[in-house]
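# Coordinate analysis (summary)
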Amino acid sequence: MPQSAESIWANVTQIRNQAPLIHNITNFVVMNNTANALLALGASPAMVHAPEEVEEFASISSALVVNIGTLDATFVSGMKLAMPQAKALGKPVIFDPVGVGATTYRNQISEELLTLATPDIIRGNASEIMALAGLNSQTKGVDSQHSSYAAIAAARRLSLMWNCTVVISGASDYIVRGNQQATVKNGHPLMTKVTGMGCTATALIGAFAAVNSDYFQAATYAMAVMGIAGELAVQKKPAPGSLQLNFLDALYQLTETDIDARLNLTYA
């Protein structure tokens, strides 16, 4: 769909021109990865989680990304302050329920955060989305036990429950908003051999949501760019160590021609 490629490129250009400040309350494992990915795309990352400053920081940022990967009391306090503040200021809130379904604590915190301030976009793997939707799915740590396709019904339920856009990432990425559905079939299996690629996708969604108030569209475009950059990186060298570096280069060097040539996006 050429029009989509054009629209995606327009958003990439906006990100590069505006360098939106993306406030991340994220986990220790991926802070460096996601900050560098946001920089490579053209956004400006900030990893700020101290409860003493998150509300103030929400007022100067363009989007808030909350990731529960490495939970502790301080992080949770920061999340509980930042999310309502960002919502009150009309800033997009993106939530990544890493490992939800694995422990009672993660389930409890996720429910508390969703109730406190409904995110505009939720991104997770199939098991996380199914668990968050109350389908009693179990996760294997942070890895999915289900295919992304198996979670579409759960994503729709979650979307209607919380009136938000839901992204299921996997071999194919599904983006759901009520009865709307997009499928992105870009990416490469080698991306699963690099830690934090899902968390990176969530951060990129934050950048796109900062420049595109149609959050279904923003999430779809971010997943497409993520997948295309992954393909370009693997093409340079099919090995996980090199993929990490080449992925950043691919984001930084991404062109409209790359998107137009590789985009595999369909709408249901």
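Presented here is an overview of the structure given in this document. All values reported here derive from a predicted model rather than from experimental measurement.

F208, F247 and L251 are the most contacted members of the largest nonpolar core, which has 54 residues in total. For this core, the secondary-structure elements that each account for two or more residues are α1 (2-18), α2 (31-41), β3 (63-67), β8 (180-184), α8 (197-211), α9 (215-236) and α10 (240-253). In terms of residue count, α9 provides more of this core than any other element does, 15 residues in total. Not counting residues up to four positions away in its chain, the partners in contact with L251 are R16, A37, A40, L41, L204, V225 and A229.

This next bit is on the packing of aromatic side chains. Summed over the entire model, instances satisfying the criterion amount to 3 aromatic pairs. Ring centres 5.2 Å apart and planes at 65 degrees place the aromatic pair F28 and F75 in the edge-to-face group. Separated by 47 residues along the polypeptide, F28 in the loop between β1 (21-25) and α2 and F75 in helix α4 (residues 73-88) bring together distant segments of the chain. Residue classification places F75 among the buried residues on the basis of a relative accessible area of 2%.

With that settled, the discussion passes to the pairing of β8. The buried fraction of β8 is high, at 4 of 5 residues. As judged from the 5 bridges shared by strand β7 (residues 173-177) and β8, these two strands associate in the antiparallel manner. Bridging across to β8, D173 finds its partner in V184. In sequence, β7 turns back onto β8 through a hairpin of 2 residues, with G178 there showing a positive phi of about 60 degrees.

Right, let's talk about the sheet that holds β7 for a bit. Within the open sheet, the 9 strands sit side by side as β2-β1-β3-β4-β5-β6-β7-β8-β9. Their pairing is mixed. Every other strand in the sheet has two partners, leaving β2 (44-47) and β9 (265-267) as the edge strands with one partner each. Neighbour-to-neighbour, the strand axes of the sheet open up by a mean angle of 20 degrees, direction not taken into account. With 4 bridges connecting them, β1 and β2 associate as parallel partners. Bridged to I22 within β2 is P45.

As a further point, take the pattern of salt bridges. Following the criterion strictly, the structure yields 4 salt bridges and no others. We note a salt bridge from D120 to K87, for which the minimum N-O separation is 3.3 Å. Residue D120 is located in the loop between α5 (104-116) and β5 (121-125), and its partner K87 is located in helix α4; the two are separated by 33 residues in the primary sequence.

Between α2 and α8, whose axes approach to 9 Å, the crossing angle comes to 40 degrees. The angle between α2 and α8 places the two elements in the oblique class. Pair α2 / α8 crosses with right-handed handedness. Together, N33, T34, A37, L38 and L41 of α2 and C199, T200, A203, L204, A207 and F208 of α8 make up the contact between the two elements. Each residue belonging to the contact of α2 with α8 can be placed in one class, and the counts come to 8 nonpolar, 3 polar and no charged.

Attention now moves to unusual backbone geometry. One non-glycine residue, A19, adopts positive backbone phi at about 45 degrees. Among the secondary structure elements, A19 is positioned in the loop between α1 and β1. You can call A19 partly exposed: its relative accessible area is 35%. Despite not being glycine, N163 has its phi angle at roughly 55 degrees, a positive value. With respect to the helices and strands, the residue N163 is situated in the loop between α7 (152-162) and β6 (165-169). A relative accessible area of 56% places N163 in the exposed class.

Definitions and cut-offs
- Residues numbered from 1 in each chain as written.
- Predicted model: local features only at pLDDT ≥ 70, side-chain atom pairs only at ≥ 80, totals over all residues.
- Heavy atoms only, no water.
- Core = buried A, V, L, I, M, F, W, Y, C linked by side-chain atoms within 4.5 Å.
- Buried < 20%, exposed > 50% of the residue type's maximum accessible area, 1.4 Å probe, protein only.
- Helix = DSSP H or I, 4+ residues; strand = E, 2+ residues; numbered from the N terminus.
- Contact = heavy atoms within 4.5 Å.
- Phe/Tyr/Trp six-rings, centres within 6.5 Å; stacked < 30°, edge-to-face > 60°.
- Pairing = 2+ DSSP bridges.
- Axes fitted to C-alpha atoms, helices over the stretch in contact; angles between N-to-C directions.
- Salt bridge = Lys/Arg side-chain N within 4 Å of Asp/Glu carboxyl O.
- Parallel < 35°, antiparallel > 145°, perpendicular 65-115°, else oblique.
- Left-handed = near helix turned anticlockwise from the far one by under 90°.
- Nonpolar A, V, L, I, M, F, W, Y, C, P; charged D, E, K, R; others polar.

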